[in-house]
Amino acid sequence: MSSSLKELFSEELKSANDVESINILRVKYLGRKGLITESLKSLASLSLNERPKAGKALNELKVFIEETLRDKELLFSQKVLESRLSRESLDITVCGKYIASGKTHPINQVLSEIIDIFEVMGFEVEEGPEVETDYYNFEALNIPKDHPARDMQDTFYISDDIVLRTQTSPVQIRTMEKNRPPLRFISPGKVYRCDSDVSHTPMFHQVEGLMVDTNINFGHLKGVIETFLKEFFGQKVGIRFRPSFFPFTEPSVEVDISCIICESKGCRICKETGWLEVLGAGMVHPKVFENVSYDSTIYTGFAFGMGVERLTMLKYSINDIRLFFENDLRFLRQF
Ligand code: DAH
C-alpha cells in the first residue's frame, strides 16, 4: 500500500514546480482527508500481524512526504524571492525624477522681506479692504472732494462713494479708529490706479507705515526710514530727504536713494541726477488726528508709503513693471 502511494507521490511531485502546487499536494496527502491520513485510519482493518509493519511503513512515508514537501517549498519560495530581487533591484545611481515645484512671486518675496525688516523694529502688520469708501481713501486723509491732490491719483470709481483704494493710506484711518496710541504698524497690500505704461500698472502694491505716540518727532521718521533702506538696499546706499507735499502729512518729504544702477554717475533711470525717489513720508497732519479723535496736542506721529514694484525693480534692475504680471516663467524663475 505504502509503496504504491510513494510512487504516486513521486510521480505527482515531478510536475509540481511552485509553492502553490506544493500546497495542493500537502492537502492531498497530509490533509485531514488526505491519502496518508485515510490509509492510517484503514490500518484498523488489518490483522494484528500485519498492522505493525504496515503502520511503520506508512509513518515513514508520512515523514518522507512532509520533509520532501517542506524542502521543495523552501526551494520554490527562495526562487520566487531571488527572481523578485533581480527584477525589483534598486539602482541608487539613477538620477532622481525632477518634480516641478512652485515658487513665491518676486513681489511677494520682496513684501516678506519688507515685513521682516519692519517687524524687527517692532512694527505690527495691519490690513484693510481693497474696495474702499471715498471717506477712508480721501476725505479722512484730508483730501476733500475738490482737492487737486485727487487728480494725482487716477481713481477707479465703483460708484460716487465707493472706489478701488488708490493707496494703502486708508488703513491708517481704520487702524487709528480701532486703537488708541501708542501705535506702530505697517500695512502691505494691493492698490489700484487707472494707469498703464513701463512704470505703471492698474494694480500694484504699497506698504504703508504709521507710528503714533507722545513725543514722536522727525528724527524718529528719519531713523526708521534710513534703517529700512539700508537693510533693504545695503548699508552703503546714499539717502536724502527732500521737502514735498502730501495732504495727510505736514511737513512732508520724499525720500531718494543714490542711484544703484549707475552708482550715482548719472543714467537714464535716475534721469542723470544720481538719485532715485523711493517713498513718501511726513509727520501726521493734525487734521488727520482730528478725524480719528486723537488729541494732536498730546500725540504726534509719522507716516510713510512706498511702492513695492518700484523697490523691486530698483533692487533687481528690472526695466519694465509689466514683467511682474505677464506670468512668463522664464522671468519668474530667476527669483
Ligand atoms: N499714499 C501716498 C501715495 O500713494 C504715499 C504716502 C506718502 C503715504 C506720504 C504716506 C505718506 O503715509 O506719509 O502716493
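So, here is what we can say about the structure in this document. (Residues numbered from 1 in each chain as written. Predicted model: local features only at pLDDT ≥ 70, side-chain atom pairs only at ≥ 80, totals over all residues. Heavy atoms only, no water.)

1. Topic: the site of the ligand
Around the ligand, the surrounding shell holds 16 residues, and the nearest of these are Gln167, Ser169, Arg193, Gln206 and Glu208. Between the ligand and the protein, one listed contact pairs an oxygen atom with a side-chain N or O atom of Gln172 at 3.1 Å. With respect to the ligand, the side chain of Glu208 contributes an N or O atom lying 2.6 Å from an oxygen atom. For the ligand, the protein covers 92% of the area, taking 360 Å² as the surface of the free molecule. Considering only residue class, the shell around the ligand consists of five nonpolar, nine polar and two charged. (Near = heavy atom within 4 Å. Polar contact = N/O pair within 3.5 Å; in protein donor to acceptor, adjacent residues only side chain to side chain. Areas by Shrake-Rupley, 256 points an atom, 1.4 Å probe, with all protein chains shown as cover. Nonpolar A, V, L, I, M, F, W, Y, C, P; charged D, E, K, R; others polar.)

2. Some thoughts on the pairing of strand β7 (residues 249–258)
Among the 10 residues that make up β7, eight are buried, leaving the element largely enclosed by the rest of the structure. Connecting the antiparallel pair strand β6 (residues 239–246) and β7 is a turn made up of two residues. Relative to strand β8 (residues 275–284), β7 runs antiparallel, the two sharing eight bridges. Across the sheet, the residue bridging to Ile257 is Leu276, located in β8. (Buried < 20%, exposed > 50% of the residue type's maximum accessible area, 1.4 Å probe, protein only. Helix = DSSP H or I, 4+ residues; strand = E, 2+ residues; numbered from the N terminus. Pairing = 2+ DSSP bridges.)

3. Focus on the pattern of salt bridges
Under the defined criterion, the tally for this structure stands at 16 salt bridges. Here Lys14 ties to Glu11 by a salt bridge, and the two come within 3.4 Å at their closest N and O atoms. With Lys14 and Glu11 both in helix α1 (residues 2–14) and three residues apart, the pair spans about one turn of that helix. Residue classification places Glu11 among the partly exposed residues on the basis of a relative accessible area of 48%. One salt-bridge network, held together by shared partners, links Arg240, Arg242, Glu254 and Asp256. (Salt bridge = Lys/Arg side-chain N within 4 Å of Asp/Glu carboxyl O.)

4. Some remarks on the environment of Glu231
Residue placement: Glu231 occurs in helix α8 (residues 218–233). Its relative accessible area of 47% is what places Glu231 among the partly exposed residues. Linking Glu231 and Ile173, residues 58 residues apart in sequence, is a C-alpha distance of 28 Å.

5. Section: the layout of surface pockets
Taken as a whole, the second largest pocket encloses approximately 220 Å³ of empty space. If you trace the second largest pocket, you find it lined by Tyr98, Ala100, Ser101, Gly102, Lys103, Thr104, His105, Pro106, Leu329, Leu332 and Arg333. Counted by class, the lining of the second largest pocket contains five nonpolar, four polar and two charged residues. (1 Å grid on protein atoms, 1.4 Å probe; cavity = no way out; pocket = protein on both sides within 12 Å on 5 of 7 lines; lining within 4 Å. Points joined across faces, edges and corners; volume = space filled by probe spheres on them.)

6. Notes on the nonpolar core
Counting 46 residues, the largest nonpolar core has Ile114, Leu229 and Phe304 as the members making the most contacts within it. Once residues lying within four places of it in the same chain are set aside, the contact partners of Leu229 are Gly234, Val237, Ile239, Val255, Ile257, Val278 and Leu279. Core analysis: the second largest hydrophobic core is formed by 22 residues, Leu210, Val212, Phe246 and Val284 among them. (Core = buried A, V, L, I, M, F, W, Y, C linked by side-chain atoms within 4.5 Å. Contact = heavy atoms within 4.5 Å.)

7. Quick notes on the sheet that holds strand β1 (residues 124–125)
Across the sheet, seven strands lie side by side as β1-β4-β5-β9-β8-β7-β6; this open sheet has mixed pairing. Of all strands in the sheet, those with a lone pairing partner are β1 and β6, marking the two edges.

8. A closer look at the pairing of strand β5 (residues 203–213)
Within β5, 10 of the 11 residues are buried, which leaves the element mostly enclosed by the surrounding structure. Here 10 bridges tie strand β4 (residues 183–192) to β5, and the two strands are oriented antiparallel to one another. If you follow Arg184 over to β5, its bridge partner there is Met211. Pairing analysis gives eight bridges linking β5 to strand β9 (residues 300–307), with the strands arranged antiparallel.

9. Quick notes on a nonpolar patch on the surface
Together, Ile260, Ile261 and Ile269 give the surface a local cluster of nonpolar side chains, amounting to about 220 Å² of exposed area. Structurally, Ile261 is set in the loop between β7 and β8. (Patch = residues over 30% accessible without salt bridge, like charges linked within 9 Å, V, L, I, M, F, W, Y side chains within 5 Å.)

10. A closer look at the packing of aromatic side chains
With the rule as written, the count across this model stands at 18 aromatic pairs. When the ring of Phe118 is compared with that of Phe304, the centres are 5.2 Å apart and the planes differ by 20 degrees; the resulting orientation is stacked. One end of the pair, Phe118, is in helix α5 (residues 106–120); the other, Phe304, is in strand β9, with 186 residues separating them in the sequence. Residue Phe118 shares its accessibility class with Phe304, and that shared class is buried. Within the aromatic cluster, the residues linked to one another by ring pairs are Phe118, Phe123, Phe228, Phe232, Phe233, Phe302 and Phe304. Cation over ring: Lys6 sits above Phe64, and NZ or CZ is 4.5 Å from the ring centre. Just above the ring of Phe232 sits the side chain of Lys315; from NZ or CZ to the centre is 4.2 Å. (Phe/Tyr/Trp six-rings, centres within 6.5 Å; stacked < 30°, edge-to-face > 60°. Lys NZ or Arg CZ within 6 Å of the ring centre and 35° of its normal.)

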